Each structure stands twice: as C-alpha cells, then as structure tokens.
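Each chain, letter by letter, is given below.
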Amino acid sequence: MAIVLKSAPGLLQLRRHDTHFLFRLPSGKTLVSSKRLTPMASITATPTLGLSDTFSKLKKQGKVAFIPYITAGDPDLSTTAEALKVLDSCGSDIIELGVPYSDPLADGPVIQAAATRSLERGSNFNAILSMLKEVVPQLSCPIALFTYYNPILKRGVENFMFSVKDIGIHGLVVPDVPLEETEILRREALKNKIELVLLTTPTTPTDRMRAIVEASEGFVYLVSSIGVTGARASVSDRVQTLLREIKEATTKAVAVGFGISKPEHVKQVAGWGADGVIVGSAMVKLLGEAKSPEQGLKELEIFAKSLKSAIP
C-alpha cells in the first residue's frame, strides 16, 4: 500500500493557518512567508495491486514485469528493509523475498550462503514479519514470499497464511511442495487472498505442466533450467519452446526465473514472450558480498535500474 499526497498542481498546501513558513530556495536563500495556506492536502491510501492484477495492468500497457529476489536478513533485516524500498523505487513490478531456511534444496550456493548468514545473525520469521509490517505500507509493488514448506508447517498453515495476509503480503512461492500436496496450502491461501504461485520445470511432463498451470495463482513460475538457482552464462533456448507450450495451455501470466542474471538475459527472455522476468542470485550476491550495507544498496540500485531498462 502506498501513501499518496494529493495537492494542487505544483503546490503542496499545508494544514496550518495564519503562521510563518520557511521555504528553502535552490540558491540556498530562505524566504519567510506569513501567507495563509488553504488546507487542500489530503493523504489517501492507494491499495497495492495483487500479483495477477499487476500482470493484467502490465499486459494492457504492453510491458513485461521486472521481479527481483532478495533474501531476508542478509546482511541484516534493516538493510533488507532499505533494499525493498530501493527495488521498489527502481520500478520493480513485484518483489520476491526469500525466507531463510537451513536446508534450501532448490537454491544454489549464493542463496544458500545468504540464508546461512541471515540465520546466523538471528533472523527468524517473527522478526521478518515485524520488518515487513513497517515496510510494506511504504511500497507501491506487491511482495511475494519465497519460503520452503517446513517453516509454514512449523507455524501452522492457517496461522502462517493469516500472519502474512495481516502484514499485506500478496503472494507465496513454496518450491518444495509437489502439486499433489498443495491442497491445504491452496485452500488456506484462497481463504486469505494470498496468491499461491506454482512452479513448472523443463523436465515437467506436459500433462503435469497443464495441471500445475491450472492450479497456480498470480502467475506461473517457469524454472528456466534443471538444477538449483544461480547465475548462468546464458539462458537455454529451450525456454522459448516451454513458454510457447505453457501459453497454449493457459492465459495466465508466465514469469521465468533461475539463471537470469544479466540485462541481456532479461531482454532475451522478454523477447521470447515471458510476461515477467525473475532475477535472484545476482541480486543476493551484490548485497551479500558488498564491503558495507551502504555500498550493497548502492550497487543494488545501479544493477536493478540496468535490468529494468533492458525490458522492452
């Protein structure tokens, strides 16, 4: 949810009357005004769109979604909070936030190391929720949590879904739950208006892919390569064929992730017909290996802008 100030063009009217105001000019000089200002400003809360609605809006505009991923708590939760704001300001359409877990089977060495650092520094789900409760209202794009099933079970599926809904999370990606075991997750997600995104891979049989696509909410997550997450030198041409096959089976948006790490990758995948492009390990590496959180945030901003500008 984003907070918007509405005012007359070029002028923010303040809710103060018959008093003095200081105005700083570009030259550095200060003017003092005693002019009465009309109380015209109003603060309105603009609801953030959900995942599927975000894709629908972008499709009407002929645009492809930019979806960055970062790990919560790496290097620390205060930096994560700032990183979310940076990514939002760089034009992210959706942000994936990874919940650190001790046995991240789908993740490569970069994100595994980030999760380990986060957990060693005391990050836990309650702390992540507290951070998000403060940050989410300041963002204009929706957040999708990327979490393994065990943390959900530990909290209880019903309680987990209610908790993330309560802080304004719109989507959920659970990579280690097979389709056959998603019934409870899907039911509780639906009850709490959380869009449960399901994944399909290059080795998923066609019939199974169609079932996954049918059940997925928000968008369909197409894993671009076999194996774990991580930056790769190139994106397999097979992705173009997979995109075509999925789009023949559904009108839902399809976003491609795993191995997307360069502006040229983003441009290529968007050109193949993807509705969204997900970039993870390359983002996580910048924050995790920076000499300081400040440097990491600066590099993250530069990188995010380069990826965003590569999208047609």
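Attention here is on the structure that accompanies the text.

## Considerations on the overall build of the protein
Then step 1. Looking only at helices and strands, one finds twelve helices and twelve strands in the protein.
Then step 2. Taken across its 312 residues, the protein has 50% of its residues classed as buried.
Then step 3. Intrachain contacts of the protein at a sequence separation of at least 6 include 71% that bridge at least 24 residues.
Then step 4. Taken as a whole, the protein presents about 15400 Å² of accessible surface, with 53% of it coming from carbon and sulfur.

## Looking at the environment of Ser 309
Then step 1. Assignment of secondary structure puts Ser 309 in helix α12 (residues 293-310).
Then step 2. Remark: the alpha-carbon pair of Ser 309 and Phe 66, spanning 243 residues in sequence, is separated by 9.8 Å.
Then step 3. Among the polar contacts listed, one links the side chain of Ser 309 to the backbone oxygen of Ser 306, at a separation of 2.9 Å.

## Section: the packing of aromatic side chains
Then step 1. This model, assessed by the stated rule, comprises seven aromatic pairs.
Then step 2. Pairing Phe 55 with Phe 219 gives two aromatic rings, centres 5.4 Å apart and planes at 55 degrees, and the pair type is tilted. With Phe 55 in helix α1 (residues 51-60) and Phe 219 in the loop between α8 (206-215) and β10 (220-223), this pair connects stretches of sequence that are 164 residues apart.
Then step 3. When the ring of Tyr 221 is compared with that of Phe 258, the centres are 5.9 Å apart and the planes differ by 90 degrees; the resulting orientation is edge-to-face. Of the two residues, Tyr 221 sits in strand β10 while Phe 258 sits in the loop between β11 (254-257) and α10 (263-271), which places them 37 residues apart along the sequence. Across this residue pair, the class does not change: Tyr 221 and Phe 258 are buried.
Then step 4. In textbook terms, an aromatic cluster arises when at least three aromatic residues are bridged by ring pairs, as seen for Phe 55, Phe 219, Tyr 221 and Phe 258.

About the criteria used
Residues numbered from 1 in each chain as written. Predicted model: local features only at pLDDT ≥ 70, side-chain atom pairs only at ≥ 80, totals over all residues. Heavy atoms only, no water. Helix = DSSP H or I, 4+ residues; strand = E, 2+ residues; numbered from the N terminus. Buried < 20%, exposed > 50% of the residue type's maximum accessible area, 1.4 Å probe, protein only. Contact = heavy atoms within 4.5 Å. Areas by Shrake-Rupley, 256 points an atom, 1.4 Å probe, with all protein chains shown as cover. Polar contact = N/O pair within 3.5 Å; in protein donor to acceptor, adjacent residues only side chain to side chain. Phe/Tyr/Trp six-rings, centres within 6.5 Å; stacked < 30°, edge-to-face > 60°.

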